[in-house]
Amino acid sequence: MIHMENVVKRYGELVALDHLNLDIREGEVFGLLGPNGSGKTTAMNCLLALLKYDKGSITVFGQEMRPDSYELKRQIGVVPQEVAVFDQMTVQENIDYFCGLYVKDKTRRKEYTEEAIRFAGLEDYRKMLPRKLSGGLLRRLNIACGIAHQPRLVILDEPTVAVDPQSRNRILEGILELNRKGSTIIYTSHYMEEVEQICSRIVILDHGRSIASGTTEELKRMIRTAETILIEGIVLSPEQLSGIQALKHVFQVDYDRGTLHLTVKCTSATHNLIRLLHFLEEEGVSFGQVYSQLPTLNDVFLEITGKELRD
Amino acid sequence: MTVFRGYLMIIRRNCALLLLYVGIFIGICVMAQQSGIGTGMTEGFAAVKLNVAVIDREHGVLGEVLRAVMERDQNLVKLADDSQILQEELYYRNVEYILVIPEGAEQRLEAGEEAVVQSIMAPDSTAGYYVESQVQLLLGQIRTYLAGGFALQEAADRALALGELSGEVTLLNLNGTGGARPDYNFFFRYLPYAFLGAVVITMSTVIMEFKKKAVQRRMLSSSVPFIRQNLAAVASFLLVGGVVWAICIALQAVFYRGGIFAGMHTGYYLLNSGALMLVALSLGYLSGMLSNSPAGLNGLTNVISLGLCFLGGVFVPLEMLGSKMKLVAQFLPTYWYSRINDILGDYGTVSGELSAVVWKGILIQLLFAAACFAVTLAVKRGILSMRDQ
């Protein structure tokens with residue numbers, strides 16, 4: 001459905017997109033994950049032909065995407081990172097206006113506007129001006145304006161930035177509902193939990209390059225970490241730490257003497273936690289809380305790039 | 001059509017501001033003019049008489065003549081020849097001017113001396129100088145007659161008679177209104193402030209809504225071509241400008257019993273004000289594109305509207321501007337608007353050279369509007385390309 005091949009975008013010396021390749025299939029929720037400044041928004045701007053790129057090619061629905069590809073644009077809905085609405089129009093007028101940029105028929109536009117208002121849960125706020133809305137409601141209005149014309153492809157650029165948890169859940173549920181209704185979704189974010197929660201396929205970007213891609217499970221299988229064990233309130237001697245390091249399937253041990261936190265990373269195997277607890281029992285070491293965590297996308301990013309997603 | 005509708009929607013939200021500006025302007029303009037008619041404001045200065053005293057220590061012909069002149073032109077107050085009384089009367093401003101004719105004044109006058117009489121004025125009295133100059137004028141006339149061989153009595157009588165001469169002045173009826181400008185010319189003179197104030201601030205506020213980065217990105221991502229978006233903006237501006245212009249034209253017709261439609265130069269007035277409306281619209285477009293905040297916009301629009309009105313001869317008549325100021329003002333559309341308005345107010349027929357000036361002025365205004373519009377598009381393109389970097 002969307003094909004980006006070897007796309008290079010430079011801002012002077014800075015390479016924002018470095019031979020980026022993306023393939024997005026119809027009907028999927030595609031996640032573009034990466035820290036701030038990794039090139040997510042630039043990639044979307046190139047995809048929408050809002051930015052000229054230096055090299056490569058982009059096709060959408062099988063056709064080359066150009067600034068004047070208005071027929072293609074008609075089938076795309078955009079939800080920008082910043083709230084893009086008119087302060088001097090009411091909620092309903094805003095949705096109706098942006099829907100009208102795509103839908104000429106007045107009756108159909110009215111129907112679509114009503115549907116978008118219902119979808120975003122803005123029924124009680126339709127006559128209000130945006131400045132009267134809370135941050136979460138504003139974000140919902142922003143989304144409603146982008147999807148009101150019921151596009152085939154919806155691009156959401158970090159739609160949940162600075163949103164309360166309740167609104168965030170509502171937004172994420174809404175995105176999945178859009179997908180169930182047939183829209184293909186491109187979702188860019190630096191919140192790995194969100195991407196993990198809703199995306200069927202993910203590309204991780206760093207410095208404008210795709211560093212990994214696949215489903216959540218595929219990405220997690222790419223790294224050594226299969227389990228992270230965290231133990232709080234534990235006092236260990238250097239010999240005991242070496243003993244833990246020597247346990248089977250353990251490949252990394254971090255101990256913080258200040259907070260008395262022990263972090264043990266293990267490769268894929270069964271009974272890692274039992275083996276560790278057994279060792280501590282034999283050593284007569286007492287400890288507080290114990291947590292066992294499966295790898296996250298942050299672990300994937302950390303292991304590939306050596307830095308945290310939110311660095 | 002949607003974009004056009006969007007512009008109109010936001011313009012409608014700012015309509016109150018627009019109408020408020022126009023309403024206040026027209027209200028003040030009409031009230032000021034109504035109160036000015038028949039009260040002397042439009043007829044020049046009113047004559048006033050000062051309290052003056054004459055102390056005649058010689059009791060001769062010169063004293064009589066000077067006393068007669070003072071009685072004729074000022075309020076003559078009788079005072080005793082006592083220095084303390086004179087000082088007090090001046091101090092309390094019971095008199096503004098005291099003329100003292102010392103003994104031997106006539107002799108000195110006939111001898112051609114300058115210091116013939118003495119005068120004392122109330123402190124900081126400006127009006128006293130006018131009386132003094134009147135006295136000196138009379139003495140000068142007597143000297144002239146004396147030099148011509150007349151005796152003092154005859155010279156004094158003739159000088160006195162000169163001051164009573166009067167003539168009749170008839171204004172040339174160049175514009176068919178007996179030399180006076182038609183009432184509605186006053187309305188049109190101040191119209192630029194209404195246009196520039198109201199239209200520039202309203203339209204630039206609207207433009208600021210549409211130039212928000214996120215909104216522009218959303219608009220550019222839509223299926224409406226960029227050129228059509230711009231055309232919609234221009235069309236909505238022209239519509240609003242046209243409506244405001246039509247309202248003002250209709251109001252002047254109501255206030256002035258037909259106004260320009262009952263007078264001369266209807267077409268020229270319409271063209272001149274229409275061209276200025278285009279200037280105001282283009283400036284509104286430009287200032288909206290240049291401003292980044294409402295506070296900045298407010299400052300910019302005030303500078304534009306007040307600056308153009310002051311320098312362009314709207315608030316201050318063109319004749320009162322200095323030559324250097326005029327040189328600068330010639331680059332401003334309001335200067336040409338005011339110049340045309342003055343010509344239309346002063347002349348009954350506009351032909352030949354005057355017609356050329358009028359057409360040149362209208363053309364300059366249109367060129368200014370076109371240049372502003374072109375600069376706005378360049379700024380817009382610049383903003384978009386800056387965001388691309």
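Predicted model, so just to flag it, every value in this text is computed and none were measured.

Calculation rules
- Along each chain, residues carry numbers from 1 onward, in the same order as the chain's sequence is written.
- Chain A is the first chain written and ligand 1 is the first ligand written, with later ones labelled in order.
- Given that the model is predicted, a residue must reach a pLDDT of at least 70 before its local features are reported, and side-chain atom pairs must reach 80 or more before they are shown or counted; all residues, however, enter totals for whole chains, interfaces and linings.
- Computation of side-chain values: all heavy atoms of the structure, hydrogens and water removed.
- Helix and strand definitions here come from DSSP, where helices need a minimum of 4 consecutive H or I residues and strands a minimum of 2 consecutive E residues; each element is numbered from the N-terminal end.
- Burial status follows relative accessibility: with a 1.4 Å probe on protein chains alone, a residue under 20% of its type maximum counts as buried, one over 50% as exposed, and anything between as partly exposed.
- It only takes one pair of heavy atoms within 4.5 Å for two residues to be counted as in contact.
- Computed with a 1.4 Å probe, the accessible areas rest on the Shrake-Rupley method; for each residue, only the protein chains presented here act as cover.
- Charge counting treats Lys and Arg as positive and Asp and Glu as negative, with His and both chain ends excluded.
- Lys charges are placed at NZ, Arg charges at CZ, Asp charges at CG and Glu charges at CD.
- Strand pairing requires that DSSP identify at least two bridges connecting the strands.
- Fitted lines through C-alpha atoms give the axes, limited to the stretch in contact for helices. The angle between two N-to-C directions lies from 0 to 180 degrees.
- Joining through side-chain atoms within 4.5 Å is the link that ties buried Ala, Val, Leu, Ile, Met, Phe, Trp, Tyr and Cys residues into a set, and such a set is a nonpolar core.
- Segment limits for the domains were obtained from an automatic or database-derived domain assignment.
- Buried area adds together the accessible area that both of two parts lose upon being put together, with accessible area traced by a 1.4 Å probe.
- What counts as a salt bridge is simple: a side-chain nitrogen of Lys or Arg found within 4 Å of a carboxyl oxygen of Asp or Glu.
- For this analysis, a polar contact is any N or O atom pair within 3.5 Å, provided that within protein one partner can donate a hydrogen and the other can accept it, and provided that sequence-adjacent residues contribute only side-chain to side-chain pairs.
- Three classes are used: nonpolar for Ala, Val, Leu, Ile, Met, Phe, Trp, Tyr, Cys and Pro, charged for Asp, Glu, Lys and Arg, and polar for all others, with Gly counted as polar.
- Aromatic rings from Phe, Tyr and Trp, with only the six-membered ring used for Trp, were paired whenever their centres fell within 6.5 Å, and each pair was classed as stacked if the ring planes differed by under 30 degrees, edge-to-face if by over 60, and tilted otherwise.
- Note on criteria: charge over ring means Lys NZ or Arg CZ within 6 Å of the ring centre, with the direction from the centre no more than 35 degrees off the ring normal.

On to the overall build of chain A, then. Along chain A, the regular secondary structure elements total eleven helices and 14 strands. Seen through its C-alpha atoms, chain A measures out along the principal axes to roughly 75 × 45 × 35 Å. Buried residues in chain A amount to 52% of all 311 residues. Taking as baseline every contact in chain A between residues at least 6 positions apart, the subset at least 24 positions apart corresponds to 67%. When the accessible surface of chain A is totalled, it reaches about 14,200 Å², and 48% of it is carbon and sulfur. Of the charged side chains in chain A, 37 are positive and 43 negative, and the gap between their average positions amounts to 7 Å.

Another aspect to go through is the sheet that holds strand 13 (residues 261–266) of chain A. All names here are of chain A. Strand order in the open sheet formed by four strands is 12-13-11-14, with antiparallel pairing between adjacent strands. In the strand order of this sheet, the two ends are held by strand 12 (250–256) and strand 14 (290–293), each with one partner. Strand-to-strand, the axes of this sheet are offset by a mean angle of 15°, without reference to chain direction. Helix 10 (residues 272–283) rests against strand 11 (227–231), strand 13 and strand 14 of the sheet, and its axis sits at about 30° to strand 11.

This brings us to unusual backbone geometry. The general pattern is negative phi for most residues beyond glycine and trans for most peptide bonds. Despite not being glycine, Leu260(A) shows a phi value in the positive range, around 60°. A residue is classified by how much of its surface remains accessible, and Leu260(A), at 29% relative accessible area, is partly exposed. With a phi angle near 60°, Arg93(B) is a residue other than glycine that sits in the positive phi range. By the secondary structure assignment, Arg93(B) is in the loop between helix 4 (83–91) and strand 3 (97–101).

What follows concerns the nonpolar core. Counting residues in each nonpolar core, the largest one holds 95 residues, and the members touching the most others are Ile95(A), Tyr97(A), Leu122(A), Phe188(B) and Val244(B). In terms of residue count, helix 8 (residues 183–210) of chain B provides more of this core than any other element does, 14 residues in total.

Once the domains are mapped, chain B shows domain 1 (2–39 + 179–387) and domain 2 (51–162). Taking only C-alpha atoms into account, the centre of domain 1 of chain B sits 58 Å from that of domain 2 of chain B.

On to the interface of chain B and chain A. With 28 residues of chain B in contact, the opposing surface of chain A contributes 38 residues. For the pair chain B and chain A, the two sides together bury roughly 2,800 Å², of which 54% comes from carbon and sulfur. Seen at the junction of chain B and chain A, the total is five salt bridges. With a shortest N-O distance of 4.0 Å, Arg12(B) and Glu93(A) are connected by a salt bridge. Applying the counting rule to chain B against chain A returns 15 residue pairs in polar contact (both at pLDDT 80 or more). Each residue belonging to the side of chain B that touches chain A can be placed in one class, and the counts come to eleven nonpolar, eight polar and nine charged.

To continue, consider the packing of aromatic side chains. Each aromatic ring pair is described using two quantities: the centre-to-centre distance and the angle formed by the ring planes. Under the definition given, this model contains 19 aromatic pairs over all chains. Judged by centre distance (4.6 Å) and plane angle (50°), the rings of Phe86(A) and Phe210(B) are tilted. A residue pair is termed interchain when its members come from two chains, as with Phe86(A) in the loop between strand 6 (76–79) and helix 3 (91–100) and Phe210(B) in helix 8. Neither residue differs from the other here; Phe86(A) and Phe210(B) are each classed as buried. Each ring, one from Phe187(B) and one from Phe188(B), has its centre 5.8 Å from the other, and the planes form 70°; the classification is edge-to-face. Members of the aromatic cluster, joined through ring pairs, are Phe86(A), Tyr97(A), Phe98(A), Tyr7(B) and Phe210(B). Here the basic side chain of Arg168(A) rests over the ring of Tyr191(A), its NZ or CZ set 4.5 Å away from the ring centre. Its end group placed over the ring of Phe98(A), Arg218(B) keeps NZ or CZ at 5.2 Å from the ring centre.

Further remarks concern the sheet that holds strand 2 (residues 75–76) of chain B. All names here are of chain B. Reading across from one edge, 2-1-3-4 is the order of the four strands in this open sheet, with mixed pairing throughout. Of all the strands in the sheet, just strand 2 and strand 4 (118–121) have a single pairing partner and so form its edges. Bridge count for strand 1 (residues 51–56) against strand 2 is two bridges, and the pairing is parallel. Paired with Val-52 across the strands is Leu-76, a residue of strand 2. Across the sheet, helix 3 (residues 61–73) is in contact with strand 1, strand 2 and strand 3; its angle to strand 1 comes to roughly 170°. Of the strands in this sheet, strand 1, strand 3 and strand 4 are in contact with helix 4, which crosses strand 3 at around 155°.

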